[in-house]
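# Analysis of the macromolecular model
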Amino acid sequence: MTRYLQVNSFNFLTRILYTFIIGDLIGVPLYITFWVVVVINVVQGYFLHKKISFKSQNNVFFKYLIITILIGIAEFIFVDYLYKIFDYQYLATLITALCVFLIRFTFLKKIFK
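All values reported here derive from a predicted model rather than from experimental measurement. (Residues numbered from 1 in each chain as written. Predicted model: local features only at pLDDT ≥ 70, side-chain atom pairs only at ≥ 80, totals over all residues. Heavy atoms only, no water.)

## Looking at the layout of surface pockets
- In this model, the largest pocket occupies a volume close to 360 Å³.
- What lines the largest pocket is a set of 19 residues, and nearest its centre among them are Asn8, Asn11, Phe12, Arg15 and Arg104.
- If you list the elements that add at least two residues to the lining of the largest pocket, you get helix 1 (2-25), helix 2 (30-53), helix 3 (61-86) and helix 4 (89-111).
- Of the residues in the lining of the largest pocket, the class split is 9 nonpolar, 7 polar and 3 charged. (1 Å grid on protein atoms, 1.4 Å probe; cavity = no way out; pocket = protein on both sides within 12 Å on 5 of 7 lines; lining within 4 Å. Points joined across faces, edges and corners; volume = space filled by probe spheres on them. Helix = DSSP H or I, 4+ residues; strand = E, 2+ residues; numbered from the N terminus. Nonpolar A, V, L, I, M, F, W, Y, C, P; charged D, E, K, R; others polar.)

## Observations concerning the pattern of salt bridges
- For the structure on display, the rule yields 3 salt bridges.
- Two residues, Arg104 and Glu75, come together in a salt bridge whose shortest N-O distance is 2.7 Å. Separated by 29 residues along the polypeptide, Arg104 in helix 4 and Glu75 in helix 3 bring together distant segments of the chain.
- Under the relative-accessibility criterion, Glu75 is labelled buried at 2%. (Salt bridge = Lys/Arg side-chain N within 4 Å of Asp/Glu carboxyl O. Buried < 20%, exposed > 50% of the residue type's maximum accessible area, 1.4 Å probe, protein only.)

## Concerning helix 3
- Taken residue by residue, helix 3 has Tyr64, Ile67, Thr68, Ile71, Gly72, Glu75, Phe76, Val79 and Leu82 as its buried positions.
- Close packing links the buried residues of helix 3 with helix 1, helix 2 and helix 4. (Contact = heavy atoms within 4.5 Å.)

## What to know about helix 4
- The principal kink in helix 4, of about 40°, is found at Val100.
- Listed in full, the buried residues belonging to helix 4 are Gln89, Ala92, Thr93, Thr96, Ala97, Val100, Arg104, Phe105, Leu108 and Ile111.
- Considering only its buried residues, helix 4 is in contact with helix 1, helix 2 and helix 3. (Bend = angle between axes of the 7 residues up to and from the residue.)

So, in structure tokens, the structure goes:
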């Protein structure tokens, strides 16, 4: 779990940073920012989880991708809702990502076995 926390912390921090830069500083709309950052984090997260968190030899990229996209859709719905309340993309992303953390861990632990 410690390696998983390290990888997820790195992914989480880079996700918030990318969202803040792309969405809040540059002013790209939420529906574009969210998915650009998700794509970056999917690729980054897959390789970090595969090599560091779960040390898996299995090639499960498509399972990882499907799970990440499904979780991403649910996250987007919540981020969009919270963005309307807080008016900051990074804050809406921060709150939602913290809530999804354990759900993601449960699914990833199963696919990388």
